[in-house]
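Observations on the three-dimensional arrangement
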Amino acid sequence: MSNCIFCKIANHEIPGKIIYEDDKCIAFLDLSQVTNGHTLVIPKTHAANFLEVDDEVLTHMTLVTKALANKIKDALQASGINILTNAGEIAGQTVMHFHFHIIPRFNENDGFIVNFEKRLDDIDLDDLLNKLK
Ligand code: 5GP
Ligand code: ZN
């Protein structure tokens, strides 16, 4: 039996506040809400993160996440939504079972901060282009 906490929620071995479920994925409220309505969407089959999840499952989950994000936005009258996923410890991943975060946004002080303001000024874009194209 898996020791993964999200596998246990997906298998109904431990309770979750489930807002959506189908044969491939399940969505439930995050236990500690970053903003009101913070929801996680996870595959039922264990995958470590976004980089490793099965393509077909990911495609399905993306559509489910879009539908749920719209539903949550309307139900809670949010002004916007952040959809994000952390892959790897350095990126902030704490539960090593792939999940999309759906984070409804209400105002600048609603509890969630994304900081795109500090930028690196020593990156060679042409060097990057050569490595990545
Ligand atoms: P990560 O940091 O891996 O991107 O996000 C993991 C999320 O899972 C966190 O936001 C955390 O609050 C949530 N979480 C951890 N354990 C549980 C749990 O047992 N139940 C629920 N509903 N959420 C959990
Ligand atoms: Zn798992």
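In this report, the structure presented in the accompanying data block is examined. Everything quoted here is computed from the prediction, not taken from an experiment. (Residues numbered from 1 in each chain as written. Chains lettered and ligands numbered in written order. Predicted model: local features only at pLDDT ≥ 70, side-chain atom pairs only at ≥ 80, totals over all residues. Heavy atoms only, no water.)

1. Considering the pattern of salt bridges
What the rule picks out here adds up to 3 salt bridges. Ionic pairing is found between E21 and K44, a salt bridge with its closest N-O pair at 2.7 Å. Of this pair, E21 sits in strand β1 (residues 18–21) while K44 sits in the loop between β3 (39–43) and α2 (55–76), and the two are 23 residues apart along the sequence. Here E21 falls in the partly exposed class, since its relative accessible area comes to 35%. A salt bridge links K131 to D127; the shortest N-O distance between them is 3.0 Å. Here K131 and its partner D127 are both found in helix α3 (residues 125–132), 4 residues apart, which amounts to about one turn of the helix. (Salt bridge = Lys/Arg side-chain N within 4 Å of Asp/Glu carboxyl O. Helix = DSSP H or I, 4+ residues; strand = E, 2+ residues; numbered from the N terminus. Buried < 20%, exposed > 50% of the residue type's maximum accessible area, 1.4 Å probe, protein only.)

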